[in-house]
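Letter by letter, the chains look like this.
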Amino acid sequence: MDEQWGFETKAIHSGQAPEPETGAVVVPIFQTSTYAQEALGRPRQGYEYSRTGNPTRKAYETCIAALEGGAWGLAFASGMAAINNCIYLLKPGDHVVCSDDVYGGTYRFFSKVAAEYGIRFDFVDLSQPGALEKALQPATRMVWVETPTNPMLRLTDLSAISKVTQARKVLLVVDNTFMSPYLQRPLSLGADLVVHSATKYLAGHADVVNGCMVGNDPTILDQMKFHQNAVGAIPGPFDCWLVMRGLKTLAVRMDRHCANAIALAKTLESHPGVARVHYPGLPSHPQHALAQQQMRGFGGMLSFEVRGGAAAAQAVLESVQLFLLAESLGGVESLIELPAIMTHASIPAERRAALGITDGLIRLSVGLESLEDLQADLTHALSEARQYA
Ligand code: PLP
């Protein structure tokens, strides 16, 4: 029955039937490390130890799988832990093609940690048609995509990429953190695995660090579940419960994130102190047509280049009163940051320059406050920066 439900219904009910003992409508927080067994070798309902499995975690894993349209879901202690687990699908000598402006932490993990264990990475602009074909090698086993990218909001055509990966029997993994399954469903476009920093839109309230992955292939599930248990980077039951609570309102939150972001993007685009706005919902975005085709909405993230470079950007950051100067994204509160100094500082300066991450590039995570207040805050901050333009 669940499969026929709409997105909002799945978010509220998938994996979350009333608790059988008491009828509690909210899945309880099973704050337990172990489970009394019925008899030797006979655990009740399959639960033995909470690193291996926990009913609160299971409910969340079932719900996120339903939302992404996958057969299974697994939860992790953070987005990075979920990303790390994917790398255990590879062996030394294997090659990965990765989007070039991925999240800085993903770049750091791939280039500084996984590479030390013999996995080879090439960072490629996968938004360019034909770029993947050129980057593939006989040893390529995985293609890693973020779309839209962070912070330049460039898109990758997932259907086009998945045609290539399927023909070459290469795994396609999509980090869907920026979009959430409400706005983009990579499995339906041919991806093999979807990963999330659930810290962001899925949980949605900036109160938990968590990650997850969703897939269809039962063989990959066996491998991933084995590593989830063997490595042990699992989330506690309260964190799973918080993400599940966030998922219930994901659809309504995402609609409002999108509405506020497009309005702010238009305000910024028409402002004389702004040189360029990067937002897939703007007709000026070079891949606006692809965005309309691949995404149900354009998301709550945007970046813009102020006139006047680093000094002007700093003045904006120091003058905002409502936008909070903070890393991260996807919560109800609006955040502002300077990728070159904050989220993307772990990327070498030459790479940042090549990607267009200048010292004057500001990234916004547009929250759910009143639009007029957000517009007024940014307009005021830009007026404080006009002496540098
Ligand atoms: N992927 C993306 C796109 C992110 O933005 C982040 C964190 O900012 C991560 C993965 C890592 O997730 P976490 O911070 O939950 O470990």
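The structure presented is a predicted model; accordingly, all values stated were derived computationally and were not measured.

(A) Spotlight on the sheet that holds strand β2 (residues 95-99). Strand order in this open sheet of seven strands is β1-β7-β6-β5-β4-β2-β3, and the pairing throughout is mixed. Edge positions in the sheet fall to β1 (72-76) and β3 (120-124), since each of these pairs with one other strand and no more. Taken over all neighbouring pairs, the strand axes of this sheet differ in orientation by 20° on average, direction set aside. Pairing geometry for β2 and β3, over five bridges, is parallel. Its bridge partner lying in β3, C98 is registered against F123. The sheet contacts of helix α3 (residues 79-87) involve β1, β3, β4 (140-146), β5 (171-175), β6 (193-197) and β7 (211-215), and relative to β7 the element is tilted by about 40°.

(B) Representation of the site of the ligand within the structure. As a matter of local geometry, the ligand sits amid 13 residues, with M80, D175, S197, T199 and K200 nearest to it. For the ligand, the accessible surface in isolation is 390 Å², of which the surrounding protein chains cover 89%. Its residues placed into classes, the shell around the ligand shows four nonpolar, six polar and three charged.

(C) A look at the packing of α3 against helix α4 (residues 104-113). Remark: α3 packs on α4, axes separated minimally by 11 Å, with the N-to-C direction vectors making an angle of 35°. The way α3 lies across α4 gives a crossing that is right-handed. Judged by residue contacts, M80, I83, N84 and I87 of α3 engage G105, T106, F109 and F110 from α4. Classifying every residue of the contact of α3 with α4 gives five nonpolar, three polar and no charged.

(D) Region of the structure containing the state of the cysteines. Enumeration over the complete set of coordinates arrives at zero disulfides. In this model C86 remains outside any disulfide bridge; the closest cysteine sulfur is found in C212, 11 Å from its own. There is no disulfide at C98, and the cysteine sulfur nearest it, in C86, is 12 Å away. Taking the relative accessible area as the measure of exposure, C98 reaches 0% and is therefore buried.

(E) Just the sheet that holds strand β10 (residues 324-325), in detail. Judged by pairing direction, the sheet is mixed, and its five strands sit side by side in the order β8-β9-β12-β11-β10 without closing on themselves. Pairing within the sheet leaves two strands with one partner each, and these edge strands are β8 (274-278) and β10. Bridge count between β8 and strand β9 (residues 301-306): four bridges; the pairing is antiparallel. Pairing of R276 across the sheet is with E305, part of β9. Contacting β9, β10, β11 (335-337) and β12 (361-365), helix α12 (residues 309-319) runs over the sheet at an angle of about 130° to β9.

Analysis parameters
Residues numbered from 1 in each chain as written. Predicted model: local features only at pLDDT ≥ 70, side-chain atom pairs only at ≥ 80, totals over all residues. Heavy atoms only, no water. Pairing = 2+ DSSP bridges. Helix = DSSP H or I, 4+ residues; strand = E, 2+ residues; numbered from the N terminus. Axes fitted to C-alpha atoms, helices over the stretch in contact; angles between N-to-C directions. Contact = heavy atoms within 4.5 Å. Near = heavy atom within 4 Å. Areas by Shrake-Rupley, 256 points an atom, 1.4 Å probe, with all protein chains shown as cover. Nonpolar A, V, L, I, M, F, W, Y, C, P; charged D, E, K, R; others polar. Left-handed = near helix turned anticlockwise from the far one by under 90°. Disulfide = S-S within 2.5 Å. Buried < 20%, exposed > 50% of the residue type's maximum accessible area, 1.4 Å probe, protein only.

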